[in-house]
Amino acid sequence: MRPHIQRLRPYVPGKPITEVKRELGLPNDFDIDKLASNENVLGPSAAAVEAIKNAAAAVWLYPDDTCYDLKNALADFWKLTPENFILGNGSDEIIHFLMLALLDSQDEIVSAQPSFVQYESAARLAGCTCKLVPLTEDGRHDLPAMAAEITERTKMVFIANPNNPSGTVVGKAEFDQFIKSIPQYVLVVLDQAYYEYVETEDSPEGIDYVRDGYNVILLHTFSKAYALAGLRVGYGLANADLIKALNQVRGPFNVSSVAQAAAIASLGDSDQLTRTTELNNAGKKYFYAQLDEMGITYIPTEANFIMLDSGLPAKEVFQELLRHGVIVRTGDPFGLPTWLRVTIGTSAMNERFIKALRVIRERA
Ligand SMILES: *Cc1c(COP(=O)(O)O)cnc(C)c1O
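Asker: Just give me the short version of the overall build of the protein, but keep the residues and values in it.
Answerer: Each helix and strand in the protein was counted, giving 14 helices and 12 strands. In terms of overall size, the protein behaves like a compact globule, its C-alpha atoms giving a radius of gyration of 20 Å where 364 residues would be expected to give roughly 21 Å. Counting all 364 residues of the protein, 52% fall into the buried class. Of the contacts made within the protein by residues no fewer than 6 positions apart, 74% connect residues no fewer than 24 positions apart.

Asker: So what's going on with the site of the ligand? Which residues, and what values?
Answerer: For the ligand, the set of nearby residues contains 13 residues, the closest of which are Asp191, Tyr194, Thr221, Ser223 and Lys224. The side chain of asparagine 164 places a nitrogen or oxygen atom 2.9 Å from an oxygen atom of the ligand. The fraction of the free accessible surface of the ligand (390 Å²) that becomes covered by protein chains is 93%. Here the shell around the ligand is composed, by residue class, of four nonpolar, five polar and four charged.

Asker: How would you sum up the packing of helix α5 (residues 91–102) against helix α6 (residues 117–125)? Please name residues and give values.
Answerer: Two elements in contact, α5 and α6, have axes separated by 9 Å at closest approach and are oriented at 35°. Our pair here, α5 against α6, has a crossing hand that is right-handed. The segment α5 lies against α6, with Asp92, Ile95, His96 and Met99 engaging Gln118, Tyr119, Ala122, Ala123 and Leu125. In terms of residue class, the contact of α5 with α6 is built from six nonpolar, two polar and one charged.

Asker: Account for the pattern of salt bridges, with residues named and values stated.
Answerer: Enumeration over the complete set of coordinates arrives at 19 salt bridges. When salt bridges with common partners are traced through the structure, they connect Lys15, Glu19 and Glu23 into a single cluster.

Asker: How would you explain the sheet that holds strand β8 (residues 234–237) if you had to name every residue and give the values?
Answerer: In spatial order, the strands read β2-β8-β7-β6-β5-β3-β4; together these seven strands make up an open sheet with mixed pairing. Looking at which strands have only one partner, the edges of the open sheet turn out to be β2 (85–88) and β4 (129–134). Strand after strand, the sheet turns through a mean of 20° between neighbouring axes, direction not considered. One ladder, built from three bridges, connects strand β3 (residues 108–113) with strand β5 (residues 154–160); its direction is parallel. The residue of β5 that forms the bridge with glutamate 108 is threonine 154.

Asker: Talk me through the environment of phenylalanine 116; I want residue IDs and the actual numbers.
Answerer: Tracing the backbone through its elements, the reader meets phenylalanine 116 in the loop between β3 and α6. The sequence separation of phenylalanine 116 and phenylalanine 158 amounts to 42 residues, and the corresponding C-alpha distance is 9.2 Å. Those residues in contact with phenylalanine 116 that sit more than four places away from it in its chain are Asp92, Ile95, Asn163, Asn164 and Asp191.

Asker: Describe helix α11 (residues 257–267), with residues and values.
Answerer: For an α-helix, 3.6 residues make a turn, and residues three or four places apart therefore share a direction. Across the 11 residues that make up α11, a large majority, eight, are buried. Every buried residue of α11 is accounted for by Val258, Ala259, Gln260, Ala262, Ala263, Ala265, Ser266 and Leu267. Buried residues in α11 make contact with α3 (46–56) and α4 (68–78).

Asker: A description of the side chain of asparagine 254 should follow, citing residues and the corresponding values.
Answerer: Mapped onto the elements, asparagine 254 comes out in the loop between α10 (240–247) and α11. A distance of 3.0 Å separates a polar side-chain atom of asparagine 254 from the backbone oxygen of leucine 87. For asparagine 254, the side chain forms a polar contact with the side chain of arginine 250, separated by 2.9 Å. Among all residues touching asparagine 254, those that are not within four sequence positions of it are Leu87, Gly88, Asn89, Glu93 and Phe97.

Asker: I'd like a description of the domain arrangement of the protein, backed by residues and values.
Answerer: Domain assignment breaks the protein into domain 1 (11–43 + 271–363) and domain 2 (46–268). Taken over C-alpha atoms, the centre of domain 1 sits 26 Å from the centre of domain 2. With 22 residues of domain 1 at the contact, the number on the domain 2 side is 24 residues. Contact between domain 1 and domain 2 buries roughly 1,900 Å² in total, counting both sides, with carbon and sulfur atoms accounting for 63%.

Asker: Help me get a handle on the sheet that holds strand β11 (residues 329–330), residues and values and all.
Answerer: Strands sit in the order β9-β12-β11 across an open sheet of three strands; the sheet is antiparallel. Strands with a single pairing partner mark the edges of an open sheet, and in this sheet they are β9 (305–309) and β11.

Asker: Describe the pairing of β2, and please don't skip the residues or the numbers.
Answerer: Of the two faces of β2, the one lined by Phe85 and Leu87 and the one lined by Ile86 and Gly88 are each fully buried. Relative to β8, β2 is paired through four bridges, and the arrangement is antiparallel. The partner of glycine 88 across the bridge, within β8, is glycine 234.

Asker: Go over the packing of aromatic side chains with me, naming the residues and quoting the values.
Answerer: Under the defined criterion, the tally for this structure stands at 14 aromatic pairs. Measuring from centroid to centroid gives 4.5 Å for tyrosine 62 and phenylalanine 253, while their planes differ by 20°, and the two rings are stacked. Here tyrosine 62 is found in the loop between α3 and α4, whereas its partner phenylalanine 253 is found in the loop between α10 and α11, with 191 residues between them in sequence. For phenylalanine 253, a relative accessible area of 37% puts it in the partly exposed group. Relative to phenylalanine 158, the ring of tyrosine 119 has its centre 4.5 Å away and its plane inclined at 20°; by these criteria the two rings are stacked. With tyrosine 119 in helix α6 and phenylalanine 158 in strand β5, this residue pair connects regions lying 39 residues apart in the sequence. Neither residue differs from the other here; tyrosine 119 and phenylalanine 158 are each classed as buried. Looking at arginine 341, its charged tip hangs above the ring of phenylalanine 305, at a distance of 5.7 Å from the centre.

Rules used throughout
For every chain, the first residue of the written sequence is number 1, and numbering continues from 1 onward in sequence order. With pLDDT at 70 or above as the cut-off, local features in this predicted model cover only qualifying residues; side-chain atom pairs require 80 or more to be listed or tallied, and sums for whole chains, interfaces and linings still use all residues. As a rule here, side-chain values come from all non-hydrogen atoms in the structure, and water together with hydrogens is ignored. Working definition: helices are DSSP H or I runs of at least four residues, strands are E runs of at least two. Numbering for both runs from the N terminus. For this measure, only C-alpha atoms enter the radius of gyration; the expected value for a globule follows 2.2 Å times N^0.38, where N is the number of residues. Accessible area is worked out with a 1.4 Å probe on protein chains only. A residue is then buried under 20% of its type maximum, exposed over 50%, and partly exposed in between. The criterion used for residue contact is that any of the two residues' heavy atoms lie within 4.5 Å. Any residue with at least one heavy atom within 4 Å of a molecule or strand is counted as near it. Under this definition, polar contacts are N or O atom pairs within 3.5 Å; protein pairs additionally need one hydrogen-donor-capable and one acceptor-capable atom, and for neighbouring residues in sequence, both atoms have to be side-chain atoms. Only the protein chains shown count as covering a residue, and every accessible area follows the Shrake-Rupley method with a 1.4 Å probe. In this count, Pro and Cys sit with the nonpolar residues alongside Ala, Val, Leu, Ile, Met, Phe, Trp and Tyr, while Asp, Glu, Lys and Arg are called charged and the others, Gly among them, polar. Helix axes are fitted only over the stretch in contact, all axes being lines through C-alpha atoms; the angle between N-to-C directions runs from 0 to 180 degrees. Left-handed describes a crossing in which the near helix is turned anticlockwise from the far one by less than a right angle; the clockwise case is right-handed. Basic side-chain nitrogens of Lys or Arg form a salt bridge, by our definition, when they fall within 4 Å of a carboxyl oxygen of Asp or Glu. Here, any two strands with at least 2 DSSP bridges between them count as paired. For the purposes of this description, domain bounds are those given by an automatic or database domain assignment. Here the quantity called buried area is the total loss of accessible area, with a 1.4 Å probe, experienced by two parts when brought into contact, counted for both. Each pair of aromatic rings taken from Phe, Tyr and Trp, with Trp reduced to its six-membered ring, is defined by centres within 6.5 Å and is described as stacked if the planes are under 30 degrees apart, edge-to-face if over 60, and tilted in the remaining cases. Sitting over a ring, as applied to charges here, requires NZ of Lys or CZ of Arg to be within 6 Å of the ring centre and within 35 degrees of the ring normal.

Rendered as structure tokens:
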């Protein structure tokens, strides 16, 4: 194996429901809530399900490699041109395109810690250096500290906005100041996977920076608010020259025909998106009230998940929660051994989690 590949640590996904049932010997009809991967618990738009059914009979054909219809739908949606978009097998694939197309092994990227681990692992895959800058005390990107890490070798800075796992956003003014202060050769990757969930007014509109010609790419996904995680489709949005460079490394037919059809239908269903954000906003309020009452520290969130300090070893809490039928994520991979990251679910799911956490804390 190439040495830098040998050193890679495999991505640890949220535990699948089927695996939990297998491991705990639970019957198939045992009801488990997965609040571990920030999926949209409402499920996909009815229009998307219909589009998937309609696309099924044609799966013997290769998909449209250019994603013509989907790019046009996105161009309409964002008021840009189809040349501003590249589609990927999830936005994860766009991160890989960025590394393949732009990074040499002497190059550096800058990212936050904790943040989405795929930035670091894709950089390692490219054999290059990833400088990780700790979040501030309140779980926010430390943009001045990140800017200070930029050298003549820095090709990209990654900002997840909102950040995963902390759920925080960068402010409008601080982002504006940041992007204007860094060298033009540094590409800012603004990962907007949870864009649809943001409630605060004080978060930058990434699209404005694309329109104004900054060296920036936005990452978007249909996996989260659009509830198509199982189909794997996401996109990058940037100036046409950068999109052309990324297309150089894209494999043929990387987005399935079923995914393309479902994405177009989802994009057109703004009602489902409204239901999604309303459910999430109500869930946030419930979490805040319950956690305040229990005296639990948490980070107010702009996404569909919340980081909270269980006050107990998170790995043990995780195992206990499984027995209560709830799958969450532990904070230890992020260096936060008593914290949990919990996806905000339906009110029944949220209540089940809070009830279980109360029981576990009372017994501890
Ligand atoms: C979930 C997530 C993604 C999206 O992943 P897909 O590959 O599109 O499913 C990207 N960035 C962040 C920060 C995420 O949490």
